[in-house]
Amino acid sequence: MKTSDSPALFNQLRLCSNCILPESFPGISFDEKGLCNFCRKNTKPVEAAAEEKKKYEQKFIDLLNDQILPGRTNDRSYDILMAFSGGKDSTYTMSLLKLKYGLRVLAVSFDNGFISDTAISNIKRVTDSLGIDHIFFKPKWEILKKIFSAAKERELYSKKSLERASTMCTSCIGMVKSICLKMAIEQNIPLIGYGWSPGQAPIQSAIMKNNPALSRMSQQSILVPLREVAGDEIKAYFLGEGHYSDPEKFPYNVHPMAWEFYNEAMIIDDIKQYGWQAPADTDSNSTNCLLNAYANDIHITKYGFHPYVWEIANMVRDGVMPRGEGYEKIYGKQQPELIEIARRKLG
Ligand SMILES: [Zn+2]
């Protein structure tokens, strides 16, 4: 695929000498050595991080042994609902849940209208190869188009959300989370699995029980703006009053990559055995979504930093990803063809 150079905007930016966060990132400051305030705060020794990983892995095993496995009953067919994008991280996570932890998995994929062809084939091959039931959930295009068109024009969510992801990404993830929670509650599934990389979500949130009050708050933060944009039909993707009535039915969210060994090259190599193929048709920060490059481009132009820089910088800082690799992902070549595909599709 033909590529262009990195955005001109990035050429002049001062970057943290350690983690690659740019001077344009909100709230950043550098010391005389060029180290950013986020790196200066991060003084946890490597051994402590390894200890913490072990602790969380044990916590997960205990949860399975104490609650999940004994709770297998006739009216429960699955132990975990996996939010499965078909990307490398959720593929790897799902393989661990099934093979390492022996769980009965129901995979759910959210189709935002921009899943790459390779990702769709990957989803089918991987679920077949692992022997996992799978559901595609695709909202109607007219609703998705309204949401993405609004998201490219203006901010829909909190300022903080813009530091973590583009408005388009936050819209999709918000719907994914609420659809998964809704399905898990309705089908009596006690766990929801996410393939967050160690840079996307901290280990402290790796095993967390959902509760009605918190869920209502996070649902509202997405539902209210989306309803303004797409109308009342959007409610179909969110919890109704009935769902909130039984706290016992609220599942745990888990993201095992927080405690598992993480290395991108290793993961990509490992999941080939389940028929996963690296897509040639997506950008360097997504192995499944064709909207991503466009969403990134808009975000960079508006805010002066890449929407993935926070999570990539986290991984560089924690030694999970080499600095050069992180730099290339964030400040490397863009793919104008991908941007053009999404632009055209959204009119
Ligand atoms: Zn830094």
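Refer to the structure printed above.
Presented here is an overview of the structure given in this document. Predicted, not measured: the structure shown is a model, and the values here were computed from it.

1. Side note on the coordination of the zinc ion
Around the zinc ion, the protein supplies Cys 16 (SG), Cys 19 (SG), Cys 36 (SG) and Cys 39 (SG) as donor atoms, at distances of 2.3 Å. One way to put it: the four donor atoms around the zinc ion meet at angles of 104 to 112°, and that makes the site tetrahedral. Ordering the donors of the zinc ion by residue number gives the pattern C-x2-C-x16-C-x2-C. Here Cys 19, found in the loop between helix H1 (8–11) and helix H2 (37–41), pairs with Cys 36, found in the loop between H1 and H2; they are 17 residues apart in sequence, far enough to count as distant.

2. With respect to the environment of Lys 138
For Lys 138, the location among the structural elements is in the loop between strand E3 (133–137) and helix H6 (141–153). Residues Lys 138 and Gly 113, 25 residues apart in the sequence, show an inter-C-alpha distance of 7.6 Å.

3. A look at the pattern of salt bridges
Counted according to the given criterion, the structure contains 18 salt bridges. The partner of Glu 233 in a salt bridge is Lys 140, and the shortest N-O contact between them spans 3.5 Å. In this pair, Glu 233 is assigned in the loop between helix H9 (212–230) and strand E6 (252–254) and Lys 140 in the loop between E3 and H6, connecting sequence segments 93 residues apart. Classification of Glu 233 as partly exposed rests on a relative accessible area of 43%.

4. What about empty space enclosed by the protein?
Applying the stated criterion to the full structure yields one cavity of 30 Å³ or more. A volume near 70 Å³ is recorded for the largest cavity. In terms of lining residues, the largest cavity is bounded by Ala 151, Lys 152, Leu 162, Ser 166, Thr 167, Met 168, Ala 295, Ile 298, His 299, Lys 302 and Tyr 303. Only H6, helix H8 (167–186) and helix H11 (292–303) provide two or more residues apiece to the lining of the largest cavity. Among the elements that take part in the lining of the largest cavity, H11 stands out by supplying five residues, more than any other. In terms of residue class, the lining of the largest cavity is made up of six nonpolar, three polar and two charged.

Rules behind the numbers
- Residues numbered from 1 in each chain as written.
- Predicted model: local features only at pLDDT ≥ 70, side-chain atom pairs only at ≥ 80, totals over all residues.
- Heavy atoms only, no water.
- Donors = N, O, S within 2.8 Å, 3.2 Å for Na, K, Ca; no water.
- Tetrahedral: all angles 85-135°; square planar, octahedral: opposite > 155°, others 65-115°.
- Helix = DSSP H or I, 4+ residues; strand = E, 2+ residues; numbered from the N terminus.
- Salt bridge = Lys/Arg side-chain N within 4 Å of Asp/Glu carboxyl O.
- Buried < 20%, exposed > 50% of the residue type's maximum accessible area, 1.4 Å probe, protein only.
- 1 Å grid on protein atoms, 1.4 Å probe; cavity = no way out; pocket = protein on both sides within 12 Å on 5 of 7 lines; lining within 4 Å.
- Points joined across faces, edges and corners; volume = space filled by probe spheres on them.
- Nonpolar A, V, L, I, M, F, W, Y, C, P; charged D, E, K, R; others polar.

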